[in-house]
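So the chains spell out like this:
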Amino acid sequence: MKSAVSLQTLAEQIEDEQLELRGLGFGWAEAGEEGEGPAPRRSPRRLEFAAGREAARLALRRVGGNQNAALAVGPRGIPEWPSGWRGSLAHSRGLAIAFACKSEFCDGVGADLEHFGRLRPRTVSHVCTPRELEGWSGEAQARVATCLFSLKEAFYKYQSPLLGLAPRFQDLVFSLEQTDEAHSPRIHVVAREGILAAPELDPFFKNLDFRLWQTDALVCSLVERPRVLR
Ligand SMILES: CC(C)(COP(=O)(O)OP(=O)(O)OC[C@H]1O[C@@H](n2cnc3c(N)ncnc32)[C@H](O)[C@@H]1OP(=O)(O)O)[C@@H](O)C(=O)NCCC(=O)NCCS
């Protein structure tokens, strides 16, 4: 499946959940379609940056936020969301997704987007604990590793503006479960076991909402902590 088609399929899954009814806006975009400036000046990184901003403005618009927000690059690379809003964006090989939420509804958001099949074995053993990979093999294990990487990156982005921790990948431990057919398993988060970098934050970690959406080619993860019961 071509990546852009895969992103559309992923977006349909996410949109089906009508997250905006719960105050959470979602947006997506492909790099290169509406970039400004003559083609030679548009590096892939710039196009991807622009796609991330486009996705973020769409996410804001979906829940009544400023669709023209500047979203400047803030300290440590964290985007500056409009006052009173939280959000997170991610891009991978020219595809971008973003989530946004009013701060009265959630204290923070972290999102990530990954293509399956790109993690090297060395990265897998750096990111995943042996326990997280137990019971998985072959393609399913590779997919699980990508899902774990994505969840951990999303957590990093969630906590970075709020807590400023510097967790290592293996400080977070998840338990994932396969929910679909063997050749292209869908995986969901069953439990989050702890945050070893700051054990005092374990209860906080366990109360976060972690979500995964997947196609054959892509995984999108989201972490947030709702402030109100939805
Ligand atoms: C910040 C980081 C998560 C970005 O991930 P990436 O795979 O390079 O890129 P993504 O497309 O997923 O996300 C990039 C976007 O995240 C946002 N971002 C960058 N730094 C951020 C931070 N510290 N906090 C929140 N969001 C951040 C930006 O919007 C950026 O896009 P932009 O540069 O176009 O504005 C990654 O570079 C990083 O530092 N990871 C931490 C590694 C680590 O130790 N993880 C432990 C996991 S617990």
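Refer to the structure above for everything that follows.
Residues numbered from 1 in each chain as written. Predicted model: local features only at pLDDT ≥ 70, side-chain atom pairs only at ≥ 80, totals over all residues.

Engineer: Just give me the short version of the environment of Ser3, but keep the residues and values in it.
Structural biologist: On the secondary structure map, Ser3 appears in helix H1 (residues 3-16). A residue is classified by how many C-beta atoms lie within 10 Å of it, and Ser3, with 16 of them, is partly exposed. Ignoring sequence-local partners within four residues, the contact set of Ser3 consists of Arg93, Leu95 and Ala217. (Helix = DSSP H or I, 4+ residues; strand = E, 2+ residues; numbered from the N terminus. Buried ≥ 20, exposed ≤ 12 C-beta atoms within 10 Å, placed from the backbone. Contact = placed C-beta atoms within 7 Å.)

Engineer: Describe the nonpolar core, listing the residues and the values that go with them.
Structural biologist: Counting residues in each nonpolar core, the largest one holds 64 residues, and the members touching the most others are Ala55, Ala96, Ile97, Ala98, Phe99, Ala100 and Leu148. By residue number, the principal contributor to this core is helix H5 (residues 138-162), which donates nine residues. Not counting the four nearest positions on each side in its chain, Ala100 is found in contact with Gly25, Ala56, Ala59, Leu60, Val63, Gly65, Trp81, Trp85 and Gly87. (Core = buried A, V, L, I, M, F, W, Y, C linked by C-beta atoms within 7 Å.)

Engineer: Please set out the sheet that holds strand E1 (residues 24-30) residue by residue, giving values where relevant.
Structural biologist: The strands that make up a sheet pair up through hydrogen bonds in the backbone, lying either parallel or antiparallel. The strand order E1-E3-E2 describes an open sheet built from three strands, whose pairing is antiparallel. Of all strands in the sheet, those bounded by a partner on one side alone are E1 and strand E2 (85-92). For this sheet the average axis-to-axis angle between neighbouring strands, irrespective of direction, equals 15°. In this structure, E1 lies alongside strand E3 (residues 95-102), joined through seven bridges in antiparallel fashion. Of the residues in E3, the one forming a bridge with Gly27 is Ala98. Contacts from H1 reach E1 and E3, with the element oriented near 170° to E1. Strands E1, E2 and E3 of the sheet are contacted by helix H2 (residues 44-62), whose axis makes an angle of about 150° with E1. (Pairing = 2+ DSSP bridges. Axes fitted to C-alpha atoms, helices over the stretch in contact; angles between N-to-C directions.)

Engineer: Help me get a handle on the site of the ligand, residues and values and all.
Structural biologist: Taken together, 23 residues surround the ligand, and among them Gly77, Ala90, Lys157, Ser160 and Pro167 come closest. Counting only elements with at least two residues in the shell around the ligand, the list comes to H2, E2 and H5. Among the elements that line the shell around the ligand, the one with the most residues is H5, at seven residues. Along the lines of polarity and charge, the residues of the shell around the ligand split into twelve nonpolar, five polar and six charged. Shared between two domains, the shell around the ligand takes at least three residues from each, and those domains are domain 1 (3-112) and domain 2 (118-155 + 166-209). (Near = placed C-beta within 6 Å. Nonpolar A, V, L, I, M, F, W, Y, C, P; charged D, E, K, R; others polar. Domains from an automatic or database assignment.)

Engineer: Tell me about the environment of Asp171, and name the residues and values.
Structural biologist: Its place among the elements puts Asp171 in the loop between H5 and strand E5 (172-178). Judged by local crowding, Asp171 falls into the partly exposed class, with 18 C-beta atoms found within 10 Å. Asp171 sits 22 residues away from Glu193 along the chain, and the two C-alpha atoms are 10.0 Å apart. Excluding its chain neighbours within four sequence positions, the residues that come into contact with Asp171 are Ile195, Leu196 and Ala197.

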